[in-house]
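# A closer look at the structure
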Amino acid sequence: MECTASPAGLLFECLDGCGRRVVVDGVSGDLTIVDHGDRTALHQSSNGGVKLTSTSVD
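Since we're looking at a predicted model, the values are computed, not measured.

## Overview of the overall build of the protein
The helix and strand tally for the protein stands at 0 helices and 4 strands. Shown N-terminal to C-terminal, the secondary structure of the protein runs as helices and strands in the order β-β-β-β. When each of the 58 residues of the protein is scored for burial, the buried share is 14%. Of the contacts made within the protein by residues no fewer than 6 positions apart, 11% connect residues no fewer than 24 positions apart. When the accessible area of the protein is evaluated, it comes to approximately 4500 Å², of which 50% is carbon and sulfur surface.

## So, the pairing of strand 2 (residues 9-13)
Where strand 1 (residues 2-6) and strand 2 come together, 5 bridges link them in antiparallel fashion. Residue pairing across strands places Cys3 opposite Phe12, the latter belonging to strand 2. Where strand 1 folds back on strand 2, the antiparallel hairpin that results is connected by 2 residues. The sheet contact formed by strand 2 and strand 3 (residues 21-24) spans 4 bridges and is antiparallel. Note that in strand 3 the partner of Leu11 across the bridge is Val23.

## Here's the deal with the confidence of the model for the protein
Of the residues in the protein, 83% reach a pLDDT of 70 or more, and the chain-wide mean stands at 81. Ranking the elements of the protein by mean pLDDT puts strand 1 last with 85 and strand 4 (residues 31-35) first with 92.

## Re the pattern of salt bridges
Two side chains carrying opposite charge are able to pair once their charged atoms lie near each other. The full count for this structure, using the stated rule, is 1 salt bridge. Arg21 is the salt-bridge partner of Asp35, the closest N and O atoms lying 2.8 Å from each other. Within this pair, whereas Asp35 is found in strand 4, its partner Arg21 is found in strand 3, the two being separated by 14 residues in sequence. On the accessibility criterion, Arg21 (29% relative accessible area) is partly exposed.

## Here's the deal with the environment of Met1
Structurally, Met1 is set in the segment before strand 1. The spacing of Met1 and Asp16 is 15 residues in sequence and 7.9 Å in space, taken between C-alpha atoms.

Rules used throughout
Residues numbered from 1 in each chain as written. Predicted model: local features only at pLDDT ≥ 70, side-chain atom pairs only at ≥ 80, totals over all residues. Heavy atoms only, no water. Helix = DSSP H or I, 4+ residues; strand = E, 2+ residues; numbered from the N terminus. Buried < 20%, exposed > 50% of the residue type's maximum accessible area, 1.4 Å probe, protein only. Contact = heavy atoms within 4.5 Å. Areas by Shrake-Rupley, 256 points an atom, 1.4 Å probe, with all protein chains shown as cover. Pairing = 2+ DSSP bridges. pLDDT = per-residue confidence, 0-100. Salt bridge = Lys/Arg side-chain N within 4 Å of Asp/Glu carboxyl O.

Right under this line is the structure:
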């Protein structure tokens, strides 16, 4: 996912063709789903050099 600044906060968009777009409010941290995209796709994203690792659920 790619992160860009928008007037509403941080816009995260999936660049792999699934169509998912979400906005995270920069003040409250609220998450707003703009487009669900492929609901079965797994996504991870970061901003500012944060390294993400895989998680597992048992």
